[in-house]
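Secondary and tertiary structure notes
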Amino acid sequence: MQARPARSFSILGWLLESRNGLGFLFMLPAAVFLLCFLTYPLGLGVWLGFTDARIGREGIFVGLENYIWLFDDPVFWLSVFNTMLYTVVASILKFALGLWLALILNQHLPFKTFFRAIILLPWVVPTVLSALAFWWIYDSQFSIISYVLMNLGLISEPINFLGDPGMARASVIAANVWRGIPFVAISLLAGLQTIPQSLNEAAALDGATSWQRFTKITLPLLTPIIAVVMTFSVLFTFTDFQLIYVLTRGGPVNATHLMATLSFQRAIPGGQLGEGAAIAVAMIPFLLAAILFSFFGLQRRKWQQGGGD
Amino acid sequence: MSEITQNTKQAGLHDDSEGMEQFNTLPRRIVTVYLPLAVFVFVLLFPFYWMAITAIKPDYQLTDYKNYSPFWVIEPTLEHVKFLLFETSYPGWLWNTMLVSFASTFISLAASVFAAYAIERVRFTGARVTGLMIFLSYLVPPSILFIPLAFIVFKVGIFDSRLALILTYPTFLIPFCTWLLMGYFRSIPFELEESALVDGATRWQILTKVILPLAVPGLISAGIFAFTLSWNEFIYALTFISSSENKTVPVGVLTELVRGDIYEWGALMSGALLGSLPVVILYSFFVDYYVSSMTGAVKE
C-alpha cells in the first residue's frame, strides 16, 4: 500500500475521490463502446463516402466522385422517392390507426390488460420472422387474401402482391403499418391515461360534442407525446431495411428500393463500400429533415392550440 | 408529459372515475368500441395464426385449397419442426442468437448502470451534455452504421464471428438502457444516498447497496427490452456473418431455408415460429416491464 509512487497514487486518488474523476471512471465503459463502435464508424462512414473502398481493400480518396455518380443515377433518385413515399404514407397510417386503437383501448374494457398485451405482439416478434409470414400471405399463387377475395367473388385471379410495382409498394407499406401500429397505440395509450376524465366531463356538461372534446381536449393534451412518438416512428420507418429485404429485396424493377436497402445492395453483395457509404451518408440530411419536421411541426401545433410552452 | 400530470395534480384534477362511458348504450358501444377492436385484434394477430397453422400443416394440404380449407388443418404434423431441428443448422442458430443476445445485453446493462449513475448522481462537469449525447446516439440508426462497422470488424479480424455481434450490438443497446436507467435513478430520493454517505459508505457501496436494489424494476425493463432488441437485430448479423454455423435465427432462416424457387413454407413458418417463441415467452412474463420501458423511452 505505502510503496506506491506518489504520482499514480494521486491519479488514483483523483479517480476515486473527486466528482469528475469518479464520473470519468464510471462513464469509461459506455464511452469506450460508443466512441469505438458508434462515433468512430459514423466519421469513418463519411470518409468512406469519399473513397472507392471495396470489401477488404482500403480505398483512395476520390473526392465527390461517388456523390456525382449518385446524382446521375436514376435508381438512387427512385430510392429517395420510394423512401419518402414509404415514410410519409406509412407514418400517417400508423398515426391514424394507432391513435384510433389507443382511444379504443382507453375505454373501460373487460380484459384490458390482456388486449394490451396481445396487441403489442407484432412489435415484439422479430421483424424478419413476421415479414416471412407476410411473404407467405403475399404469395403470388397461394395468397390467403387472394383466396378469400376470390371466394367472395370480388376478384377473378390471384393478386400479384409483390410482382407489380404499385401493388408491391402498397404491400410493403401495409406490412410496415401492421408492425408499427402497436408501438404508436401503446405509447399514445400511456399518454391518454394521464388525461383526467374530469376535463371531458366538464366539457360535456358545457355542451361539447364528443368530436369537440376530442379535438379541443384530448388532442392538445396529447400533442407533446404525439410529437415524440411520431418522431421515433418516422425514424424507424425512414431507416427500415428488414421488411424490404425479406419481402422484395427492392424489386420489382427497384420499385420498393429504399435508401437503406440500396446502400446495402451496393456495398455488401456489390462490394462497393464507398458507394454504399455515400448513399448512407446521403440519408442523413433527409433523416434530419424528417425528424425535425415531425418533431417541431408537431410541437408547434401545441403552441398554436394554446397548450402553453 | 410530466408537466401535464403535474398540472393536474396541482389543480387537484386527478381522479379515477370511469368518465362518461356509462351514458353510452350497449349497441352504440358495440359499433364504436367492440367491433373496431375485434377488427384490429384480428388483423394484428392473423399473421401469427397463419404462421402457426402453416408450421403444422402437412405438405399435401399446404397449397391444396380446393380439398382442404386453408384456415384449418387436418392431421397436424411436427414433420417441419423435426426437419428444422435435425436436418438443418437451426439449433445452432438458436444457440448463437441466445448467446449473442445474453452477452450483449449483459455488457450493455453493466456499462449503462455505471454511465447512468455517473450522469444522474455523480454529476461530473458536463454530465448534462453527456446525457444529451447519449440520447442523440440513440437516434443513430444501424442502417447508416453497418458499412463502416463492417469495415472495422473486418480490419480487427473478428469478421464472421459471434464476437463481432456481441461487440456491435451494445451500440444501440447502451444509449437506450442508459437513457431508461437515468430516468429510474432520478426517481430514487437523494436523501437515501446522503444518509449512506454520512454513514461512511463509498460511492461503490452506495451504488451496489442502495441504488441498484431500488432500481431492480428499471434493470428488468431495460434488460428485457435490450434482450428482445438484440434477438430481433438483423442488418449487422446479415452483414458481419457469412458462415452458416455463426448465423443468428433471423439471418439463418432467411438465407439458408429459402432455396431457389420452391419455397418450403412449412419449414420456413416453423422456423419463424420457433424463433419468435423465446421472445414472446419472455415478453409474456414481463409485459408490464416491457411496456414501461417502451413508453418510458418515449416519454422522457
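Residues numbered from 1 in each chain as written. Chains lettered and ligands numbered in written order. Predicted model: local features only at pLDDT ≥ 70, side-chain atom pairs only at ≥ 80, totals over all residues. Heavy atoms only, no water.

Observations concerning the pattern of salt bridges
Applied cut-off: Between Lys or Arg on one side and Asp or Glu on the other, a salt bridge is scored when a side-chain nitrogen of the former is within 4 Å of a carboxyl oxygen of the latter. For every residue, the accessible area obtained with a 1.4 Å probe (protein chains only) is divided by the maximum for its type, and the residue is called buried under 20%, exposed over 50%, and partly exposed between those limits.
Overall, the coordinates contain seven salt bridges over all chains when judged by the stated rule. Its salt-bridge partner being E275(A), residue R266(A) comes within 2.8 Å of it at the nearest N-O pair. On the accessibility criterion, R266(A) (17% relative accessible area) is buried. Here E256(B) makes a salt bridge to K247(B), at a shortest N to O gap of 2.7 Å. Using a relative accessible area of 26% as the deciding quantity, one classes E256(B) as partly exposed.

So, the environment of F286(A)
Residue and element names in this part refer to chain A. Condition: A run of H or I in DSSP counts as a helix once it spans at least four residues, and a run of E counts as a strand once it spans at least two, with each numbered from the N terminus. When checking whether two residues touch, look at their non-hydrogen atoms; a contact exists if any pair is within 4.5 Å.
Inspection of the secondary structure puts F286 in helix α14 (residues 273-304). A relative accessible area of 25% means that F286 is categorised as partly exposed. Once the C-alpha coordinates of F286 and V80 are considered, the two residues, 206 residues apart in sequence, prove to be 8.9 Å apart. Among residues more than four places away in sequence, those in contact with F286 are V80, M84, F238 and M259.

Some thoughts on the interface of chain B and chain A
Cut-off, in case you're wondering: Summed over both partners, the accessible area lost on bringing two parts together, with a 1.4 Å probe, is the buried area. Counting of polar contacts relies on pairs of N or O atoms within 3.5 Å, with two restrictions inside protein: one atom must be capable of donating a hydrogen and the other of accepting it, and residues adjacent in sequence are counted only when both atoms are side-chain atoms.
Listed per partner, the contact involves 103 residues of chain B and 102 residues of chain A. A buried area of about 9400 Å², summed over both sides, lies between chain B and chain A, and 80% of it is on carbon and sulfur atoms. Our count for the contact surface shared by chain B and chain A stands at one salt bridge. Put simply, D288(B) and R116(A) hold a salt bridge, and the shortest N to O gap is 2.8 Å. Scanning the region where chain B abuts chain A turns up eleven residue pairs in polar contact (both at pLDDT 80 or more). A per-element tally of the side of chain B that touches chain A places helix α2 (residues 26-55) of chain B first, with 17 residues.

Thoughts on the packing of aromatic side chains
Convention followed: Here a pair means two rings of Phe, Tyr or Trp (six-membered ring of Trp) with centres within 6.5 Å. Their orientation is stacked below 30 degrees between planes, edge-to-face above 60, and tilted elsewhere. For a lysine, the NZ atom is tested; for an arginine, the CZ atom; a charge sits over a ring if that atom is within 6 Å of the ring centre and within 35 degrees of the ring normal.
As enumerated under the stated definition, the model contains 51 aromatic pairs over all chains in all. With a centroid separation of 6.5 Å and 40 degrees between ring planes, the pair formed by F241(A) and F146(B) is classed as tilted. Residue F241(A) is located in the loop between α11 (210-238) and α12 (242-247), and its partner F146(B) is located in helix α7 (residues 142-156); the two belong to separate chains. The two residues F241(A) and F146(B) agree in class, both being buried. Here the aromatic cluster, defined as three or more aromatic residues joined through ring pairs, consists of W123(A), F183(A), F232(A), F236(A), Y138(B), F176(B), F225(B), Y283(B) and Y290(B). If you follow R121(B) out to its NZ or CZ, it ends over the ring of F190(B), 4.2 Å from the centre.

Things to note about unusual backbone geometry
For N254(A), which is not a glycine, the phi torsion comes out positive at approximately 60 degrees. By the secondary structure assignment, N254(A) is in the loop between α12 and α13 (259-267). The phi dihedral of D160(B) is positive, around 60 degrees, even though this residue is not glycine. Among the secondary structure elements, D160(B) is positioned in the loop between α7 and α8 (162-168).

The analysis is restricted to geometry; functional conclusions fall outside its scope.
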